[in-house]
Amino acid sequence: MNPQSKTVRFTMFALLYFTQGTILGYFASLNALYMLDNGLDMADVGIFSTIALIPFIIKILFGILSDRYNLLGLGHRKPYIFIGLLVQFACLIAVANINPGKSYWLYVAIAFLLQLGMAFYDTCTDGLALDITPESEKGTLQGFMVGGRSVGVIVAASVAGVIAQHLSWPAVFYFLAALTLIPIPFLFFIRELQRAPEMRFNWKAFNAFKNIKVLAVAAVGLIVFLVIVGANQIVNPSFDARLGIDLSTAGLITTVWGIGCVAGALAGGRVMDKLGNQKALWLSILLVIPAMGLLAATASKPMMWVVAVFFGVAYGLSQAIYFALAMKYTQPAIAASMYSILMAVTNVGQGIGLGLSGGLAKSAGYPVTFLVFGALMLLVIPFLPVIFGKRTAR
């Protein structure tokens, strides 16, 4: 299908996800602290976070744009990826010189544009991966992509935190801006494929969402991400409540969890390619449910570290397997658009999971919440016969 170097392709996609991971890691672990340090409160942080999520809700528009229009004859994917990276780079340079306490809405606006750029190149990166990756490599590729993003999160949570503590907050943004540029040289070594008739944009291709298998795949994504993201939100709070960990230890737990994510993502991709879709999805179920049980039962600090790594493996593997599964159910004519819709459904699942885990932990406690989330993972099973057929789902 594609004679281009597998090493170059996989490296480029991993680095594109890596730079995305650095931004996600910053927003997840440092942004609230930065805003609080500048005299803002958690209400301000909440407004900021809500607005910053909007680009990922409207990313379907970026998919349609990329699928439909060849920008100045330069391609359907690469020029848009380049633009998205440059927008992210420029916003990081700009935001380093803005005090959010004095110019709150300007800070929010720049962050919105930054997220817009990231959502843009994220959508087009997925489209390019769908366009040029042979079917037999899609699982392994997703392992590299999810693994790259996890490494980016680790870097942002650890290195950027050290920079903020020992240098300055502006230095953090300059550091993230420099990391944004790393994938760009690889874009020049990758060629987009000549779009065959079946790959050309066609509104009728959206009829694929009338297919019961596609709807089942979307439902599986909603459930999987509801469980793993919702549970992940309360891991450190649960350890703190039961074992009394400090902020430094919480950061280290996130780091070892991230290492587990990288290992799980790489393993999940290989499993998907070697064993097939159904067995890989079963493996996801059979790892996530025990992980929830272990999180509920953690009663000592030595056990805490082991469970954090195990949950990271289950988390990374489940992400890689689902992303690869979603890739296999996209239509070539609307690859980026369709994939972005399936990803939007996972975002809905994340939103439900975050709300559910927070509310349930408050009312019923952390152990019960983890056990409930493990039980919710069982809801994936009824969809397996729909996706793979009754014979293969036995």
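Here, the structure is the one placed above.
On a predicted model such as this, the values are computed, not experimentally measured, just so you know. (Residues numbered from 1 in each chain as written. Predicted model: local features only at pLDDT ≥ 70, side-chain atom pairs only at ≥ 80, totals over all residues. Heavy atoms only, no water.)

Chemist: What should I look at first to understand the packing of helix α11 (residues 235-243) against helix α16 (residues 366-376) in this one?
Modeler: Two measures define how a pair of helices packs: the angle their axes make with one another and the distance between the axes. For the pair α11 and α16, interaxial distance at closest approach is 10 Å and the crossing angle is 145°. Between α11, through Val235, Pro237, Ser238, Ala241 and Arg242, and α16, the contact on the second element is made entirely by Tyr366, Pro367 and Phe370. Here the residues of the contact of α11 with α16 are counted per class, giving six nonpolar, one polar and one charged. (Axes fitted to C-alpha atoms, helices over the stretch in contact; angles between N-to-C directions. Helix = DSSP H or I, 4+ residues; strand = E, 2+ residues; numbered from the N terminus. Contact = heavy atoms within 4.5 Å. Nonpolar A, V, L, I, M, F, W, Y, C, P; charged D, E, K, R; others polar.)

Chemist: Got a minute to help me understand empty space enclosed by the protein in this structure?
Modeler: Any empty space left between the atoms is revealed when a probe the size of a water molecule rolls over them. This model, assessed by the stated rule, comprises one cavity of 30 Å³ or more. The space that makes up the largest cavity amounts to roughly 70 Å³. In terms of lining residues, the largest cavity is bounded by Ile23, Tyr26, Phe27, Asn31, Phe48, Leu92, Val95, Tyr107, Ile110, Ala111, Leu114 and Phe173. Sorting the residues of the lining of the largest cavity by element identifies α1 (6-29), α5 (78-95) and α6 (104-132) as the ones contributing at least two each. Tallied by class, residues from the lining of the largest cavity come to 11 nonpolar, one polar and no charged. (1 Å grid on protein atoms, 1.4 Å probe; cavity = no way out; pocket = protein on both sides within 12 Å on 5 of 7 lines; lining within 4 Å. Points joined across faces, edges and corners; volume = space filled by probe spheres on them.)

Chemist: Explain α6 here, please?
Modeler: With 29 residues, α6 extends 42 Å between its outermost C-alpha atoms, agreeing within 8% with the 42 Å of an ideal straight helix rising 1.5 Å per residue. Counting buried positions along α6 gives 23 out of 29 residues, so the element sits mostly inside the fold. (Expected span 1.5 Å × (residues − 1). Buried < 20%, exposed > 50% of the residue type's maximum accessible area, 1.4 Å probe, protein only.)

Chemist: I tried to follow the packing of helix α10 (residues 212-233) against helix α14 (residues 301-327) on my own but got confused; where do I start?
Modeler: α14 packs onto α10 with a crossing angle of 160° between their chain directions and a minimal axis gap of 11 Å. Between α10 and α14, the angle is such that the two are roughly antiparallel. Crossing of α10 against α14: the hand is left-handed. Facing Val217, Ala218, Val220, Gly221, Val224, Phe225, Ile228, Val229, Ala231 and Asn232 of α10, the residues of α14 in contact are Phe311, Tyr315, Ser318, Gln319, Tyr322, Phe323, Leu325 and Ala326. (Parallel < 35°, antiparallel > 145°, perpendicular 65-115°, else oblique. Left-handed = near helix turned anticlockwise from the far one by under 90°.)

Chemist: Quick question: what am I supposed to make of the packing of aromatic side chains here?
Modeler: Any two aromatic rings considered together are summarised by their centre-to-centre distance and by the angle between their planes. Under the criterion given, the structure shown has eight aromatic pairs. With a centroid separation of 5.0 Å and 70° between ring planes, the pair formed by Tyr104 and Trp105 is classed as edge-to-face. Residue Trp105 is classed as exposed on the basis of its relative accessible area of 55%. Members of the aromatic cluster, each reached through a chain of ring pairs, are Phe225, Tyr322 and Phe323. (Phe/Tyr/Trp six-rings, centres within 6.5 Å; stacked < 30°, edge-to-face > 60°.)

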